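If you want the building blocks of each chain, they are given just below.
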Amino acid sequence: MKFKIDMKYEQIKNSLFIKNRKKFMAAMQPKSIAVFNSNDIYPIGADSTLPFEQHRDLFYLSGADQEETILVLFPDALAKKHREVLFVRETNDHIAVWEGEKLTKEKATEVSGIETIYWLQDFNKVFFDLMTEAETIYFNTNEHYRQSVETQTREDRFIIDCKHKFPAHKVAKSNPILQKIRGVKEPEEIDLMQTACDITDKGFRRVLSFTKPGVWEYEIEAELLHEFIRNRSKGFAYSPIIASGNNANVLHYVENNQQCKSGDLILMDTAAEYANYSSDLTRTIPVNGKFTPRQKEVYDAVLRVKNEATKMLVPGTIWADYHVECGKLMTSELLGLGLLDKADVQNERKDWPAYKKYFMHGTSHHIGLNTHDYGELKKPMEANMVFTVEPGIYIPEEKMGIRIEDDVVIQKNGEPFNLMANIPIEVEEIEDLMNK
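What you see is a predicted model; the values in this text were computed from it and never measured.

K.L.:
How would you summarise the sheet that holds strand β17 (residues 406–409) if you had to cite specific residues and measurements?
P.N.:
The pairing of strands in a sheet happens through backbone hydrogen bonds and is either parallel or antiparallel. An order of β14-β17-β18 is seen for the three strands of this open sheet, with the pairing classed as antiparallel. A strand with exactly one partner marks an edge of an open sheet, and here the two such strands are β14 (386–389) and β18 (417–418). With two bridges connecting them, β17 and β18 associate as antiparallel partners. Bridging from a neighbouring strand, Val-409 pairs with Phe-417 of β18. With respect to the sheet, helix α10 (residues 293–311) is in contact with β14, β17 and β18, its orientation differing from that of β14 by roughly 155 degrees.

K.L.:
An account of the sheet that holds strand β10 (residues 265–269) is requested, with residue identities and associated values reported.
P.N.:
The antiparallel open sheet is built from three strands, whose spatial order is β9-β10-β13. Where the open sheet ends on each side, the last strands, each with one partner, are β9 (241–244) and β13 (282–286). Pairwise comparison of adjacent strand axes, ignoring direction, gives a mean angle of 15 degrees for this sheet. Both β10 and β13 contribute to a ladder of five bridges, which runs antiparallel.

K.L.:
An account of the layout of surface pockets is requested, with residue identities and associated values reported.
P.N.:
In this model, the second largest pocket occupies a volume close to 310 Å³. Residue lining of the second largest pocket: 16 residues in total, with His-323, Val-324, Gly-327, Pro-353 and Tyr-355 positioned closest to the centre. By residue number, the principal contributor to the lining of the second largest pocket is helix α11 (residues 319–336), which donates six residues. A per-class count over the lining of the second largest pocket returns six nonpolar, six polar and four charged.

Criteria and thresholds
Residues numbered from 1 in each chain as written. Predicted model: local features only at pLDDT ≥ 70, side-chain atom pairs only at ≥ 80, totals over all residues. Heavy atoms only, no water. Pairing = 2+ DSSP bridges. Helix = DSSP H or I, 4+ residues; strand = E, 2+ residues; numbered from the N terminus. Contact = heavy atoms within 4.5 Å. Axes fitted to C-alpha atoms, helices over the stretch in contact; angles between N-to-C directions. 1 Å grid on protein atoms, 1.4 Å probe; cavity = no way out; pocket = protein on both sides within 12 Å on 5 of 7 lines; lining within 4 Å. Points joined across faces, edges and corners; volume = space filled by probe spheres on them. Nonpolar A, V, L, I, M, F, W, Y, C, P; charged D, E, K, R; others polar.

Take it as geometry only, folks, not as evidence of what the structure does.
See the structure below:
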């Protein structure tokens, strides 16, 4: 039997994680140590828990996809074996019977490329010894621009405990290093994201042939989930949005509990994960398989903005400037659709341009191990960064919301590479596939 760690995906070569650790350690200060904790398993009530999701930073640096895991990086450790150390929960026959196979020390090395593996119960003793050699400790705080964490994490508890036990050590932040290195993807990561996008493609094609007047949004969600899981995904990379009719004008509509009616559109912002890597797709399709002339007019306007915006994702582009230019593209299209007039644009507020009435969110974000991934947003874009491109036009008075989204990889030269190039997007192709 091929070894697996409670996962559906094919085991990733540990060379990826070895490279990632080298990049992180190269950016550390002299005589410094960095610690990364796994996520908790979160309780629901009684004996129920949410499915475990590994802390993406720990996974990025080790490949260890298991709870109760700690990674320690100490490039200047006096003993070579302590420059990279992974602590995992000790397994036994009882755990194997009730929970399935866990990482042995040998398998932890195979997965991570780390030679020194200790059981978690030895952490305090080993860590105290290493801290006597270190002057600075890197804490892994969450500084993502969209973070909104109210729960105390395993990482938070470690930081509180560590400050109490080692008050004389200097403190540094892991996050700026991770923002820089995680934002630029390795070829292996792009391959994993391509797999996630290919699984998403299969799901989308499945629902194109399934959708018809009278189906319920949750039935479409079920079809997608079926296709994702049968292709080795855990499921959705984020909460799926299946928004028919006027539901599409609620940007984060996740109820997915309404019946789809002939003449309406369905905005589907749904995509698969693979090996903890996200894809992020949005397509908008007609319930009855045929766009009305007005629906097609608006859809094509959104598609033009997406195509033109994509061309701007090149090395050197500044994220904030890019969004200003995307706003100009959208303004032009909204004028053409009769949704704005010249007076609207001339009288617009600088902090809330006229186009925001119909397109109120951003056009692009980093994507990778998180759907809204790490990446430096205030510095010029670089090759091998991966971004979404997702313009939309939302018209409540017409009970219509249209968004189109692909995931693209910035290239050294020329336009970005579209990981979703094979997923149907043109009006005619969508209609043909729905009416086969």
